[in-house]
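# Notes for the structure review
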Amino acid sequence: TFSEKHLPLLFSVLSKAPNEDQDLRANIIIALGDLAFRFPNEVEPYTPKIYACLRDKSTRVRRHTLMVLTHLILNDMVKVKGNVCEIALCLQDNEPRIRDMARLLFHELSKRTNSPIYNLLPDIVSQLSQLHLKQEVFREIMLFLMSFIKKERQN
């Protein structure tokens with residue numbers, strides 16, 4: 001399809017865009033969100049590259065990326081497993097709006113019937129521990145996520 005054929009080009013432009021061109025990167029992320037909503041199977045192999053934009057130097061790019069991913073995740077268009085650590089790191093972002101949006105996403109996930117946060121915790125712990133974070137950062141992220149675990153055993 002047209003989108004399959006041109007997706008590599010879009011991701012190439014995204015990865016090679018100069019640091020000063022945050023508008024281009026932010027707009028590409030929004031376009032990728034629209035494409036992922038319309039063509040989820042074509043965009044799915046590139047999902048880690050979208051999540052990687054959560055570590056962009058630009059607050060605007062990180063904010064747009066988290067907004068797009070939140071929309072896709074809550075509409076079940078993108079799987080959160082495997083990349084959820086990137087969203088957990090947003091809980092400690094310097095930008096308050098990004099921190100709040102990450103909290104909101106986890107809060108919305110916690111409302112789902114199948115206890116997704118409980119099921120995502122091993123993945124999050126594993127990936128966060130490989131990043132050699134400061135103990136306090138790791139602790140704050142885990143305390144926030146553990147607050148959603150209400151029962152001794154989840155069903």
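Everything numeric in this text was worked out from a predicted model, so none of it was measured.

Glancing now at the pattern of salt bridges. For the structure on display, the rule yields nine salt bridges. For the salt bridge of R25 with D56, the shortest nitrogen-to-oxygen distance reads 2.9 Å. Linking R25 in helix α2 (residues 22-38) with D56 in the loop between α4 (47-52) and α5 (59-74), this pair joins segments that are 31 residues apart in sequence. A salt bridge links D100 to R103; the shortest N-O distance between them is 3.4 Å. Of this pair, D100 and R103 both sit in helix α7 (residues 96-110), separated by three residues, roughly a single helical turn. With a relative accessible area of 47%, D100 lands in the partly exposed category. Residue class for R103 comes out partly exposed when judged on its relative accessible area of 33%.

Take the packing of α7 against helix α8 (residues 116-130) next. With their axes 8 Å apart at the nearest point, α7 and α8 run at an angle of 125 degrees to one another. Taken as axis vectors, α7 and α8 run oblique relative to one another. Across from F106, L109 and S110 in α7, the residues of α8 making contact are P116, I117 and I124. Per-class residue counts for the contact of α7 with α8 are five nonpolar, one polar and no charged.

Once that is clear, we can look at the confidence of the model for the protein. Averaged over every residue, the pLDDT of the protein is 92; the share at 70 or more is 97%. No element of the protein has a lower mean pLDDT than helix α1 (residues 2-16), at 88, and none a higher one than α5, at 97.

Note on aromatic pairs: each is described by the distance of the centres and the angle between the planes. One pass over the full model with this rule turns up three aromatic pairs. With 4.5 Å between their ring centres and 10 degrees between their planes, F11 and Y46 make a pair best called stacked. Linking F11 in helix α1 with Y46 in the loop between α3 (40-43) and α4, this pair joins segments that are 35 residues apart in sequence. A residue is classified by how much of its surface remains accessible, and F11, at 4% relative accessible area, is buried. Between the aromatic rings of F106 and F144, the centroid separation amounts to 6.5 Å while the plane-to-plane angle is 70 degrees, which identifies the pairing as edge-to-face. Pair noted here: F106 is in helix α7 and F144 is in helix α9 (residues 135-146), with a separation of 38 residues, a long-range link. The class for F106 is buried, based on a relative accessible area of 1%. For F144, a relative accessible area of 21% corresponds to the partly exposed category. Each member of the aromatic cluster is reached from another via a ring pair, and the members are F106, F144 and F148.

Calculation rules
Residues numbered from 1 in each chain as written. Predicted model: local features only at pLDDT ≥ 70, side-chain atom pairs only at ≥ 80, totals over all residues. Heavy atoms only, no water. Salt bridge = Lys/Arg side-chain N within 4 Å of Asp/Glu carboxyl O. Helix = DSSP H or I, 4+ residues; strand = E, 2+ residues; numbered from the N terminus. Buried < 20%, exposed > 50% of the residue type's maximum accessible area, 1.4 Å probe, protein only. Axes fitted to C-alpha atoms, helices over the stretch in contact; angles between N-to-C directions. Parallel < 35°, antiparallel > 145°, perpendicular 65-115°, else oblique. Contact = heavy atoms within 4.5 Å. Nonpolar A, V, L, I, M, F, W, Y, C, P; charged D, E, K, R; others polar. pLDDT = per-residue confidence, 0-100. Phe/Tyr/Trp six-rings, centres within 6.5 Å; stacked < 30°, edge-to-face > 60°.

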